[in-house]
Amino acid sequence: MADPKSAPKQPKAKHKRGQGVATVYDTIKREILELRMAPGSPVDETKLTERFGMSRTPIREALVRLVGDGLVVTLPNRSTIVAPIDFFELPQFFDALTLMYRVTTRLAATHRSQDEIARIRELRDGYAAAVAEKDVSRMIEVNRDFHAEIARAGKNHYYTELFERLLDEGRRLLRFYYSSFNDELPEIYLDEHDRMVAAIEARDVTAADEIAHAHADQIVRQIQSYISADRRENASMSL
């Protein structure tokens, strides 16, 4: 029988740094997209190291990725905050977003391949699954990928790059959109994705444009309505 003392020692399990970075990144990203971390709020590295039980290195790597996503901003004094939302620029943002919805969907109807249609359908189905599960963070991300894939199918990389940037900047605004429905998206708006895919597959440029235009319009109206809604609780209270 082998001497237990001579048996090789098993190495202690180590938490891989890459996994740690991914955990921090995914968690903070979800909290920012769901507005649980408010726009403009500080991101404290020390508190994050305590929260996740990690050194500063994976925390900083995760924050670098979030800066690249446009969700976190490093200020000149080297402090870090959640990226603010500039409400004064929203009219211009919505104008550009609507135009890109229309242009990219029109081009996709003209230039799409069968492989691209298959990827667009897969993302459409993934979005529907996220809606059914009321997974808002997933809804936001898959919706972004769905429309980005449509843009890529249009085969104009200038439009694709601009639209992806607009979609990335608008992810937190979609949180307002879903909140306006109490996170239960009406079936009629899911149908818009189905109709959009059908028009692209049929190469019906006119229908693709009309559906994309209507889709963008209802999203913008819903967000604007939610942002401007009067939620005061004490305005009419007797003093």
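Criteria and thresholds
Residues numbered from 1 in each chain as written. Predicted model: local features only at pLDDT ≥ 70, side-chain atom pairs only at ≥ 80, totals over all residues. Heavy atoms only, no water. Helix = DSSP H or I, 4+ residues; strand = E, 2+ residues; numbered from the N terminus. Expected span 1.5 Å × (residues − 1). Polar contact = N/O pair within 3.5 Å; in protein donor to acceptor, adjacent residues only side chain to side chain. 1 Å grid on protein atoms, 1.4 Å probe; cavity = no way out; pocket = protein on both sides within 12 Å on 5 of 7 lines; lining within 4 Å. Points joined across faces, edges and corners; volume = space filled by probe spheres on them. Nonpolar A, V, L, I, M, F, W, Y, C, P; charged D, E, K, R; others polar. Buried < 20%, exposed > 50% of the residue type's maximum accessible area, 1.4 Å probe, protein only. Phe/Tyr/Trp six-rings, centres within 6.5 Å; stacked < 30°, edge-to-face > 60°. Core = buried A, V, L, I, M, F, W, Y, C linked by side-chain atoms within 4.5 Å. Contact = heavy atoms within 4.5 Å. Axes fitted to C-alpha atoms, helices over the stretch in contact; angles between N-to-C directions. Parallel < 35°, antiparallel > 145°, perpendicular 65-115°, else oblique. Left-handed = near helix turned anticlockwise from the far one by under 90°.

Participant: Before we go on, may I ask you to explain helix α7 (residues 157-169) in this structure?
Facilitator: Residues spaced three or four apart along an α-helix point in a common direction, a consequence of the helix completing one turn every 3.6 residues. Between its first and last C-alpha atoms α7 spans 18 Å; for 13 residues at 1.5 Å apiece the expected length is 18 Å, and the two agree. A distance of 3.0 Å separates the backbone nitrogen of Tyr158 from a side-chain oxygen at the start of α7, and that oxygen is part of Asn156.

Participant: I keep staring at the layout of surface pockets and nothing clicks. Help me out?
Facilitator: Picture a little ball the size of a water molecule; that probe, rolled over the atoms, points out where space is still empty. If you add up the space inside the largest pocket, you get close to 350 Å³. Forming the boundary of the largest pocket are 17 residues, of which Pro84, Ile85, Asp86, Phe93 and Glu169 lie nearest the centre. Only α4 (90-111), α7 and α8 (171-179) provide two or more residues apiece to the lining of the largest pocket. It is α4 that provides the largest number of residues to the lining of the largest pocket, a total of four residues. Of the residues in the lining of the largest pocket, the class split is nine nonpolar, two polar and six charged.

Participant: Would you take a moment to explain unusual backbone geometry for this structure?
Facilitator: In most cases, non-glycine residues show a negative phi, while peptide bonds are predominantly trans. Positive phi values are uncommon outside glycine, yet Arg78 reaches one of about 75 degrees. Tracing the chain through its elements places Arg78 in the loop between β1 (72-74) and β2 (80-82). Although it is not a glycine, Asn182 adopts a positive phi angle of roughly 55 degrees. When you line up the elements, Asn182 lands in the loop between α8 and α9 (187-201).

Participant: Help me out: how do you make sense of helix α6 (residues 136-153) in this one?
Facilitator: Over its 18 residues, α6 extends 26 Å from the first C-alpha to the last, a length consistent with the 26 Å expected when each residue adds 1.5 Å. In terms of residue burial, α6 counts as a mostly covered element, since 15 of its 18 residues are buried. Phi turns positive one or two residues past the end of α6, at Lys155, with a value near 65 degrees.

Participant: Whenever I open this one, the packing of aromatic side chains confuses me. Can you help?
Facilitator: Overall, the coordinates contain seven aromatic pairs when judged by the stated rule. Considering the side-chain rings of Tyr177 and Tyr178, the 5.3 Å spacing of their centres and the 65 degrees angle between planes classify their relative orientation as edge-to-face. You'll find Tyr177 and Tyr178 in the same group, each marked buried. Through successive ring pairs, a cluster of aromatic residues spans Tyr177, Tyr178, Phe181 and Tyr189.

Participant: Would you explain the nonpolar core in this entry?
Facilitator: Grouped burial of nonpolar side chains is what soluble globular proteins tend to show. Core analysis: the biggest nonpolar cluster contains 52 residues, and Ile28, Tyr101, Tyr127, Leu173, Tyr177, Tyr178 and Leu185 have the highest contact counts within it. Per-element accounting of this core gives the leading share, seven residues, to α4. Other than its neighbours up to four places away in sequence, Tyr177 contacts Leu185, Tyr189, Gln218, Ile219, Gln222 and Ile223. Counting 14 residues, the second largest nonpolar core, distinct from the first, contains Ala153, Ala199, Ala207 and Ile211.

Participant: Is there a simple way to think about empty space enclosed by the protein in this case?
Facilitator: Across all of its chains, the model carries two cavities of 30 Å³ or more by this definition. In this structure, the largest cavity occupies an estimated 120 Å³ of space. Taken together, 15 residues form the lining of the largest cavity, with Leu97, Tyr101, Leu167, Gly170 and Leu174 sitting closest to its centre. Taken together, the elements giving at least two residues each to the lining of the largest cavity come down to α4, α6, α7, α8 and α10 (205-228). The biggest single contributor to the lining of the largest cavity is α4, with four residues. The residue inventory of the lining of the largest cavity, partitioned by class, reads eleven nonpolar, two polar and two charged.

Participant: Where do I start with the packing of α4 against α6 in this structure?
Facilitator: Relative orientation and spacing of two packed helices are given, respectively, by the angle between their axes and the distance between those axes. Remark: α4 packs on α6, axes separated minimally by 7 Å, with the N-to-C direction vectors making an angle of 55 degrees. The angle between the axes of α4 and α6 places the two elements in the oblique class. By crossing handedness, the relation of α4 to α6 is classed as left-handed. In this structure, α4 uses Tyr101, Thr104, Thr105, Leu107, Ala108 and His111 to contact α6, whose residues at the interface are Asn143, His147, Ile150, Ala151 and Ala153. Class assignment for the residues of the contact of α4 with α6 results in six nonpolar, five polar and no charged.

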